[in-house]
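Spelled out, the chains give:
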Amino acid sequence: MFSLTGILVAALVISIAKILQWILKPRPPNPFSKDSRTQRKPYIQDQKVRDKILKQAFSVDKVPEKLDAIIIGSGIGGLTTGVIMAKSGKKVLILEQHDQAGGCCHTFTEKGFEFDVGIHYVGEMGSQTLNKTLCDQITDGQLEWSALEPEFDVVSIGYGDENRMYPVTTGIEAWKSLLKKQFPQDIQGIEKYFDMMETCENTFILHGILKIVPLWLVRLAIKSGILKFVTNLWTRAYTSRTLDVVQSLTDNKELQTVMMYGWGDYGTLPSKSYFTMQALLNQHFMVDGGHYPVGGASEIAYNMIPIIEKAGGKVLVRANVEEIIIRNGKACGVRVVKGKEKYNIDCDMVISSAGLYNTFNSLIPKSISHTSYFSKICSELKPGVATMICFLGLDASKEELGVRPQNYWAFTSNDINATAEEYLTMKTEDALDTDVPLLFISFPSTKDPQWDKHPQRQGKTTMQIITLSNYDWFKQWKDNPVKNRGDSYDEIKNCIGHKMIEQACQLFPQIRDKIIYTEIASPLTNQHYIAQPNGEIYGLDHTLERFDPMMVAKLRPETDIPGLYMTGQDTLEAGFTGALFSGVITAQVCLGRPVLWDLIKLHDKLEARNNKKIN
């Protein structure tokens, strides 16, 4: 029998040896060795010019030779990994199954309207935050951000004469003061809510550490209690569900709704999500409000792809990866299907940004995937909730409509968890006769200063209405051709979609006679265009089980299949920022150098420079 002390000493010795080996190991260049920002180039409005970067169709002759890595999927996680590796001198090929690069950052144009599909607002982009520094460096300073209104979100409860609206404003102290004015009887609960938010602020960093250190060390740290003792982050707030925490602070359902309103930003019911996720989300937007990419969401991929190409890499679309090739137990390439032809492309490593389910249930041969613990996770964790989106084109300017760059979260009642849970578990026929309990309503064109500079868009406005949906309502038509799934499918999709539009018209009656373009997207639309197997947009459901410390550690960039790595939302957390930083930690593991530390050092230097200018 070994004593606990002996085990700890042995673990320490092994750890020191591993660290020394890692320190002495030759490393590729620092991707953040200098500030790579350059003067902003003129915005390109010509879609044909933009398509030459965003829509480079796959053909075998375009594949670079002697690839260092292949990345499956061109979402922000895959692009960030690719750009950082390119800045470190690596030749990377990114393969995208859709006809345009960008994943949830792509846009589409119809009838003179351009619509984003996944970027509605991003926090921490109004000042020199670490988020901003990272985005600046992976786009060489070409990505600009425009601030939304100081009251960037509005919580709307009820419809008609029963409607109540509660604006959410920028800044922790400003929002706290506003809540106290809105709910003067609940000052103590409000104070406690913000105190608990602060206890969770370092959890994001802790998640990153857990995903990089060896799994055996994580297990030891958890079992011995060292993790809890050293970090002091495993508080009750961390291990409690959002609904439980909020209900313990106040009985006022209106205030509960305002405290939890943004749960749709990660797609997990408050009764299932962990409070830290909600706290991190609130803090993310409280720093300096919400921001939107100038020129639209496609500017993100448009300004990242050239950096990958500069290092000899490529980003190719219409590239259907059928299989990850594994030889002698190591991932060493992919098989791409193009029409009737199949092409094997070799590389040193494969990085999947296609999500956990796609990777381990579809892309890896069954004989190999079933031996991986990641396959077990596929059965232990559930996919996030599916979504429906209504894209509306309005024949009027933002001034005529009186709409501003902000978002509305519209709830049918102040019992937001119960109404959403009841709705999402309904049978199809019942859902068709029920008001949609949650709508996210936004006017993207009002957020973009470049919108009116495009001649075809002057005097026009875009609007989006988003809600959560049940994939089971639509899955019987999943194998039918796109845009030709049948009358029954169209009837269900349009019934729910037009109900969403009608509810939005009750809040914004001025739009009713201005709608000249309508496109309704179901969960099957998400499944087709962004390859989400269950129509979800946030990947794995953000439940308490997903954020158990051991599960956090297991969902890491380095898999237990040599040569295979993961990036994207399933690796870290949901949304743009979660996928963005997943790209950083994946690049760190793949490059074998402290990329995150490289980034932080550059950020500190730039922040100090900015502070010196201000003073």
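So, here is what we can say about the structure in this document. (Residues numbered from 1 in each chain as written. Predicted model: local features only at pLDDT ≥ 70, side-chain atom pairs only at ≥ 80, totals over all residues. Heavy atoms only, no water.)

Quick notes on the packing of helix 3 (residues 76–87) against helix 13 (residues 298–310)
Two elements in contact, helix 3 and helix 13, have axes separated by 9 Å at closest approach and are oriented at 30 degrees. Taken as axis vectors, helix 3 and helix 13 run roughly parallel relative to one another. The two elements helix 3 and helix 13 meet at a crossing, and its hand is left-handed. Judged by residue contacts, Ile76, Leu79, Thr80, Gly82, Val83, Ala86 and Lys87 of helix 3 engage Ile300, Ala301, Met304, Ile305, Ile307 and Ile308 from helix 13. For the contact of helix 3 with helix 13, the per-class residue count stands at 10 nonpolar, 2 polar and 1 charged. (Axes fitted to C-alpha atoms, helices over the stretch in contact; angles between N-to-C directions. Helix = DSSP H or I, 4+ residues; strand = E, 2+ residues; numbered from the N terminus. Parallel < 35°, antiparallel > 145°, perpendicular 65-115°, else oblique. Left-handed = near helix turned anticlockwise from the far one by under 90°. Contact = heavy atoms within 4.5 Å. Nonpolar A, V, L, I, M, F, W, Y, C, P; charged D, E, K, R; others polar.)

Some details on the sheet that holds strand 15 (residues 386–394)
Strand order in the open sheet made by the 7 strands is 8-7-16-17-18-15-19, with mixed pairing throughout. Single-partner strands in this sheet number two, and they are strand 8 (164–168) and strand 19 (515–521). Each neighbouring strand pair of the sheet contributes to a mean axis angle of 20 degrees, computed without reference to strand direction. Of the pairings in the sheet, the one linking strand 7 (residues 153–157) to strand 16 (residues 407–411) comprises 5 bridges and is parallel in character. Residue pairing for strand 16: Ser156 is matched across the bridge by Ala410. (Pairing = 2+ DSSP bridges.)

Thoughts on the pattern of salt bridges
The final tally for this structure, using the stated rule, is 25 salt bridges. One salt bridge connects Glu322 with Lys342, and the closest N-O pair in it is separated by 3.1 Å. Of this pair, Glu322 sits in strand 11 (residues 320–327) while Lys342 sits in strand 13 (residues 341–346), and the two are 20 residues apart along the sequence. Taking the shortest distance from any N to any O, the salt bridge between Lys376 and Glu380 comes out at 3.9 Å. Separated by 4 residues within a single helix, Lys376 and Glu380 lie in helix 16 (residues 373–380), roughly one turn from each other. (Salt bridge = Lys/Arg side-chain N within 4 Å of Asp/Glu carboxyl O.)

Concerning the pairing of strand 13
When strand 12 (residues 330–338) meets strand 13, the two strands line up antiparallel, connected through 6 bridges. Across the sheet, Arg335 pairs through a bridge with Asn344, a residue of strand 13. Linking strand 12 back to strand 13 in an antiparallel pair, the connection comprises 2 residues, with Gly339 at a positive phi of about 65 degrees.

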